[in-house]
Structures are given as C-alpha cells and as structure tokens.
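Chain by chain, the residues:
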Amino acid sequence: MQPQYFLFKISGFFYLFKISIISGFSRLRVSYIPCQKSVRVDIMYRSEDLDWKIGEMDYDTLSQVPYESLLCYTDNFSEENFLGHFQIGKFYHGKIVRNGGVQHVVVKIWEVPVIYSYRPGENELRLLDELTLLRRHTLISHPGLVTLCEYCFDGEHLGVVYELKALDSLYYLIPKDGFTWLQRIKVALRFAILLKFLHAGNPRYKPYIVRNLDAAHILLEEDYNPKLCDFGTITGGIFPDRTKITKVVVRGCYGYIDERAAILGIWSEEQDVFAFGTILLSLISKRVYTEEDRVCKMPNVNEWAWDKYHDNLDNYSLVHESLTAEGDFDPVDGRKITCLGIQCLHDSDYYRPTMKQVVKRLLKLKVVKRHADFVGVNIMHSPRENGYPSQ
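Participant: Describe the side chain of histidine 142, and please don't skip the residues or the numbers.
Facilitator: By secondary structure assignment, the location of histidine 142 is in the loop between α3 (137–140) and β8 (148–154). In this structure the side chain of histidine 142 is engaged in a polar contact, spanning 2.9 Å, whose partner is the backbone nitrogen of glycine 144.

Quick look at the structure:
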C-alpha cells in the first residue's frame, strides 16, 4: 500500500506526517489513524524546525477548506476560469461569495506532473513550504508576492487560495499585441525589484533562491503588477539549505534552466538571474517556449537569443518590430535591454549581473525615467520593497 500523508497543526506548528502501513512490524502506533494493521510514522517536515519566531507567523487568519470549497470558488474548475499552468499544476480564477460580497481569488492546485520528475509526498512538501513562506510578515508585505488566505489538504487534493484578482498569466500575455512596451517594462522592473529583495538576505540568513522561475509562475494584477505565485523549489532564508541535498528533485523549468549549473548541481542566485534574463528577452521579443517547442526540440528563448545576438554584439536589438513602432519605445533602450538580457545568460556566473545591478540598469532606461509613476519608481523606496526579506 502506498504511504499516506497528513498535515496537522499542533501547538501553532504544522507537521507533515508520512504514514506507512506495515504487516507485522511497528516502531510506533498512532491511535488516531484508522487502520487495522501496524503503522510507521515519519515526521517528514515540521515547521518548528525552521528558524523563526512564533510571533512572526500568523496562522490564525489562515483557513483550511475542503476540496468542495475550491470546486465552488472555480465553478467546478471550469474552462472559463482556467488561468494557466504552472510547473506542477494549474491556476484558476475564483470568486468567494461571503456576507453579500464577492472576493476575487486565484485557486492553485497541485497535480502529479507528467514531464517532470516526481516522488510521492513532494507536493505535500511544496504545500507546507507555501504555508511557511507566505505567512511570514516581512515577506507577504511585499507587493510582488501573493497573499495566501486559505489552503486545502483534503486527501489527494492539495491547493491554496490567493487574494488576487488576476488579469492573466505572463506566459499567455507575452505574445499578445495588446501587451504594450510600457507595460512590459513595468513588469520587468517590478519583477527585478522582487528578485533583488529575495536575494538580499541578511547577516542571519542566506538569500532566497527561487530556482524554478518561469513566465507561467507570474500572474499579473489588472494594473500590470507582477505576482510570483510558485515556490516549489525555493531555498535559503528561513528554509534549510537545499542546494546540495533535497528530497524534491530540482531541475528548474524547461526553457529557463541554466543547464550547466543543473548538470553540476550548482544552485545560487546566478541561476535565478539566468531565468530572469530569459523572461526579460521573452518580454521584449514576444516569444515564449511552448510544450510543442519542447517536444519538437526547438530552440528555447535563450538559445534563440544567443544565435541572433552573438554576431551583432552591442549594436543589436531583439525587440519585436511591432513594439518598436510604439510611441514609448526608444531604440537606445532596445539595445540596452537586449544587452542586459544577454548578459544575464552568460555562460560564466561571474559575468552575470546581480539583481541589484539589473534594477539599476533598468532604472536608467529612458522609458522608465519618462514614466516613473506608471512603472512604480516613486514607491521603490517604501519599507515594503526594501530591507531584508528574512528579518
């Protein structure tokens, strides 16, 4: 019989138990498990092992809901409410009708992946990581991270509910003509600011490394503010160091993987920079790496960009011609942002810019200076966007 997984909240902490049914042998009996045979219980993960203070976490406002609630929010996960795929599941638009009002939400459900490595129990660990990460006050106050309001751990059904009225997934918006140059620059800058924040670390903690950045993991609000919505392989900060040994097999997301680092098993902030560079070049070129491209072994965006750029060096722009015709576009910006994206993909980590350097260079673009209010430059110095994420 396959092991079963249970999530318990005990004395303010979350515990993920792995329950194995064994005939004729038991190291530990648990009376509240309905079973005629002996059982072995392994505490796979417990939130109290993490380095935090109880006062920094707020679980009282976090509700556990049954799977039926997620069905209700999404109209039975209707096609009309489908928002997009992420690496290990799907996003849906949802509505919570309560006390005569309507709250717009995003429902995220985990599934057993088809094209990625997976071992039983890993999605349960991913859910617990989100419960851990997105209840930490110094993180959830950042405008680039989603706000978690409910979660579902109902047998094989795992999900979370975000307080978010989403416009669309960045993955689906990138090729669209209605997604303007100015809006794309806002997304690039705001997302770079978030990664700069996560990579900052502090004297007590290592920087957070997301490791599976993907355009499909970024949902946009109606004002085009990007929200990072998946943390399935995150390490650093309040989490144990998972860059060397991990129960979750890490391969990143197809089309965004720094393959050299993945082969060598090296994971650092530079791999997030590589993935950001791919997203940046996707934004300006209106190209995304599809599942059909992967199956047909077509070049991904970073491979395509290198092929186009390497013979032209600093005098070449990868900006799509339809974007160059817009009034907010400046050719100098086009060349600068192309060069920045290419540098993020450099074979050597040493020559890649840090996210702090990326933000500085984006701020120097003419389009950013002209539209500082729209892209959010004037709120960059707010406490929510600065300081250490792990304080």
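Participant: Before we move on, can you summarise the pairing of strand β9 (residues 157–162) with the specific residues and values?
Facilitator: Within β9, five of the six residues are buried, which leaves it mostly tucked inside the rest of the structure. By the bridge criterion, four bridges tie strand β7 (residues 101–110) to β9 in an arrangement that is antiparallel. For lysine 108, the partnering residue across the bridge sits in β9 and is valine 160. Looking at chain direction, β8 and β9 are connected through six bridges and run antiparallel. Looking across to β9, one finds that cysteine 152 is bridged to glycine 159.

Participant: Account for the layout of surface pockets, naming residues and giving values.
Facilitator: Here the largest pocket is characterised by a volume of approximately 610 Å³. As for the largest pocket, its lining consists of 25 residues, and the residues nearest its centre are His85, Phe86, Ile115, Tyr116 and Glu291. Going through the elements one at a time, β5 (82–86), β6 (89–98), α4 (170–173) and α8 (291–295) are the ones with two or more residues in the lining of the largest pocket. No other element matches α8, which puts three residues into the lining of the largest pocket.

Participant: Hey, could you go over the sheet that holds strand β10 (residues 166–169) for me, with residue numbers and the actual values?
Facilitator: As summarised here, the arrangement of the three strands in space is β10-β11-β12, forming an open sheet in which the pairing is antiparallel. In the strand order of this sheet, the two ends are held by β10 and β12 (226–228), each with one partner. Here the strands of the sheet are splayed against their neighbours by 35° on average, with no regard to which way each runs. With respect to the sheet, helix α5 (residues 181–199) is in contact with β11 (218–221) and β12, its orientation differing from that of β12 by roughly 35°.

Participant: So what's going on with unusual backbone geometry? Residues and values would help.
Facilitator: With a phi close to 55°, aspartate 75 is a non-glycine residue in the positive phi region. Structurally, the position occupied by aspartate 75 is in the loop between α1 (67–73) and β5. In this model, phenylalanine 77 sits at a positive phi of 50°, which is unusual for a non-glycine residue. Here phenylalanine 77 is to be found in the loop between α1 and β5. Residue phenylalanine 77 is classed as buried on the basis of its relative accessible area of 14%.

Participant: With reference to specific residues and values, describe the packing of aromatic side chains.
Facilitator: What the rule picks out here adds up to ten aromatic pairs. Within the aromatic cluster, the residues linked to one another by ring pairs are Tyr67, Phe77, Phe82 and Tyr92. If you follow lysine 186 out to its NZ or CZ, it ends over the ring of phenylalanine 374, 4.8 Å from the centre. Above the ring of tyrosine 254, the side-chain terminus of arginine 294 is found at 5.2 Å from the ring centroid.

Participant: Before we move on, can you summarise helix α7 (residues 269–285) with the specific residues and values?
Facilitator: Given a rise of 1.5 Å per residue, 17 residues ought to cover 24 Å, and the 25 Å separating the end C-alpha atoms of α7 matches this to within 8%. Where α7 ends, the next residue or the one after it, lysine 286, has phi of about 60°, a positive value.

Participant: Please set out the packing of α5 against helix α12 (residues 355–363) residue by residue, giving values where relevant.
Facilitator: A pair of packed helices is captured by two measures, namely the crossing angle of their axes and the spacing between those axes. At a closest axis distance of 8 Å, the pairing of α5 and α12 adopts a crossing angle of 155°. When the axes of α5 and α12 are compared, the pair comes out roughly antiparallel. Where α5 crosses over α12, the handedness of that crossing is left-handed. Touching Ala188, Leu189, Ala192, Ile193, Leu195, Lys196 and His199 of α5 are Met355, Lys356, Val358, Val359, Leu362 and Leu363, all from α12. In the contact of α5 with α12, the residues fall into ten nonpolar, one polar and two charged.

Participant: I'd like a description of helix α11 (residues 331–344), backed by residues and values.
Facilitator: Between its terminal C-alpha atoms α11 stretches 20 Å, which fits the 20 Å expected from 14 residues at 1.5 Å a residue. Among all positions of α11, only Asp333, Gly334, Ile337, Thr338, Cys339, Leu340, Gly341, Ile342 and Cys344 are buried. Measuring from the backbone nitrogen of valine 332 back to the side-chain oxygen at the start of α11 gives 2.8 Å, which picks out aspartate 330 as the cap.

The rules behind these values
Residues numbered from 1 in each chain as written. Predicted model: local features only at pLDDT ≥ 70, side-chain atom pairs only at ≥ 80, totals over all residues. Heavy atoms only, no water. Helix = DSSP H or I, 4+ residues; strand = E, 2+ residues; numbered from the N terminus. Polar contact = N/O pair within 3.5 Å; in protein donor to acceptor, adjacent residues only side chain to side chain. Buried < 20%, exposed > 50% of the residue type's maximum accessible area, 1.4 Å probe, protein only. Pairing = 2+ DSSP bridges. 1 Å grid on protein atoms, 1.4 Å probe; cavity = no way out; pocket = protein on both sides within 12 Å on 5 of 7 lines; lining within 4 Å. Points joined across faces, edges and corners; volume = space filled by probe spheres on them. Axes fitted to C-alpha atoms, helices over the stretch in contact; angles between N-to-C directions. Contact = heavy atoms within 4.5 Å. Phe/Tyr/Trp six-rings, centres within 6.5 Å; stacked < 30°, edge-to-face > 60°. Lys NZ or Arg CZ within 6 Å of the ring centre and 35° of its normal. Expected span 1.5 Å × (residues − 1). Parallel < 35°, antiparallel > 145°, perpendicular 65-115°, else oblique. Left-handed = near helix turned anticlockwise from the far one by under 90°. Nonpolar A, V, L, I, M, F, W, Y, C, P; charged D, E, K, R; others polar.

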